[in-house]
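Here is what each chain is made of, one letter per residue.
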Amino acid sequence: MYDLILFLFLLLLGYVFGQRAEKRHFRSIIEREAQLGDILVFSERKIPDEAACEGILVAGSVVVSVDYFKRFVADLRNFFGGRVSAYESLLERARREAVLRMKEAARRKGADSVWNLRLETASIYKGAAGSVGAVEVIAYGTAVRQRR
Amino acid sequence: MADYENRPPPEGINVSPTHPLKDFALLVGGISALVVVAVLALSLLAGQLARHIPFAHERALAGQLGRWLPAEPVSAVERQRRQYLQALAERLAQGMEMPPEMTLTVHYSAQPTINALATLGGHIVVFQGLIDTLPSENALAMVLAHEIAHVRHRHPVVAMGRGFAVLLAVASLSGVGDGSLQQWLGGIGMLPVLSFSRAQEEEADAAALQAVLRTYGHVGDAAAFFEHVARAPLAREPLAIFSSHPGHAERIARIRDFAARHSQVDTPPVALPAFMKGD
């Protein structure tokens, strides 16, 4: 009985705080994307006008944890299959945040664009029993500034 | 460089638009429904299998019921009451096509509980509280025949099989409750688990009416017990065992209907022996 109460409490806690954090994070992401809009990002490897530029490796990484509610809903999803929408928004946040951090790093280096952008995702905890999962997304690329 | 630009993609294209709570409700609802259906199917299947347990095995299993059944009475009058009930049960059983290996053991309890119950191994318990509410032997015979019919149709062992399947399923799904399962297997708490379904109650009622009709030639007073229960305020006597029984009004109506269809011989009901009346 106490297990059930604790479980429902954790579920509620996860839902309330998870949703609040997610909404706030998305607001902040959209705001900062507008601020960093002048730093252009491309997956293209070939940098145009290469001779006049100098390239520096920049990276941005983020680790986001799953809340209890999302974890539970995703576990239930395993029975039926289909879109795990609980995790979709989580990974979307992680990817965009990683790119933003990479752009900030590029700005600090005085670059105005990043080329050859790559994204990598890694699961931390790898589904270990009883642990709450977290996901890391790292974005890296070649920041380019005019050669001085 | 001026040829290049980053157009912001539209917001929300990577996320399904379902509300998380709706997703949650659908998933929990779906899984609960599946579990309920599976447990129900399992319990019905277990009931079907339990029907085929030989009665001798059921009796052996019922040996563990010992502490639940009232002890053999010590006073002479209570022994006399028990013997009377046993004799009445055997008389009724003659008209009920009992299988030869099936035995009935009637226990008497001086408790004021207004109830009678049938359990594993052909054990039937009749409480003094019940006898005190009944106007005649015919009324007592109806209740007794109802309990015998439960035994005759193997209802206790079917109920046990169902209860066992549900308990086992719940225990293995939740991963807890090993202790309670062992307790149950040990016979503790076996009696409260045995509750009969509505269909079983109706089957027992029908068989009991036939038996009373064969024994007495009429079914006068058969509804007496249910009429009493219907009149009695529920708060006074918690009739927990009766929660699965069909509505009393419905039962009384069915018994009256049966009585009307079978030519009512104008024989007065047989009175209960004087020693059956409580102190």
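Residues numbered from 1 in each chain as written. Chains lettered and ligands numbered in written order. Predicted model: local features only at pLDDT ≥ 70, side-chain atom pairs only at ≥ 80, totals over all residues. Heavy atoms only, no water.

1. Some remarks on the sheet that holds strand β1 (residues 105-109) of chain B
All names here are of chain B. Reading across from one edge, β1-β3-β2 is the order of the three strands in this open sheet, with mixed pairing throughout. Since the sheet does not close on itself, it has two edges, and those belong to β1 and β2 (116-119), each with one partner. Between one strand axis and the next, the sheet turns by 20 degrees as a mean value, whatever way the strands run. Taken together, the four bridges between β2 and strand β3 (residues 123-127) define a ladder with antiparallel strand orientation. By the bridge assignment, A116 is partnered in β3 with V126. (Pairing = 2+ DSSP bridges. Helix = DSSP H or I, 4+ residues; strand = E, 2+ residues; numbered from the N terminus. Axes fitted to C-alpha atoms, helices over the stretch in contact; angles between N-to-C directions.)

2. Some points on the nonpolar core
The biggest cluster of nonpolar side chains holds 51 residues, and the ones touching the most others in it are B:L85, B:V126, B:L130 and B:L140. In terms of residue count, the dominant contributor to this core is helix α5 (residues 137-152) of chain B (ten residues). If near-sequence neighbours (up to four positions away) are discounted, B:L85 is found in contact with B:V106, B:Y108, B:V126, B:I131, B:L140, B:L144 and B:M276. Among the nonpolar cores identified, the runner-up in size contains 23 residues, and A:I39, A:A105, A:V135 and A:A139 belong to it. (Core = buried A, V, L, I, M, F, W, Y, C linked by side-chain atoms within 4.5 Å. Buried < 20%, exposed > 50% of the residue type's maximum accessible area, 1.4 Å probe, protein only. Contact = heavy atoms within 4.5 Å.)

3. Thoughts on the sheet that holds strand β4 (residues 134-146) of chain A
Residues and elements named next belong to chain A. Taken in spatial order, the four strands line up as β1-β3-β4-β2 in an open sheet, and their pairing is mixed. The sheet terminates laterally at β1 (40-41) and β2 (53-65), the two strands that pair on one side only. In the sheet, strand β3 (residues 113-124) pairs with β4 via ten bridges, with the strands oriented antiparallel. Among the inter-strand pairings, S123 is bridged to a residue of β4, identified as V135. Set on the sheet, helix α3 (residues 85-108) makes contact with β1, β2, β3 and β4; between it and β2 the angle comes to about 145 degrees.

4. Description of the packing of aromatic side chains
Residues and elements named next belong to chain A. Evaluation of the coordinates by the stated rule reveals nine aromatic pairs over all chains. For the ring pair Y15 and F69, a centre distance of 4.8 Å and an interplane angle of 65 degrees mean the geometry is edge-to-face. One end of the pair, Y15, is in helix α1 (residues 2-35); the other, F69, is in helix α2 (residues 68-80), with 54 residues separating them in the sequence. The pair formed by Y15 and F69 is uniform in burial state, with each residue classed as buried. (Phe/Tyr/Trp six-rings, centres within 6.5 Å; stacked < 30°, edge-to-face > 60°.)

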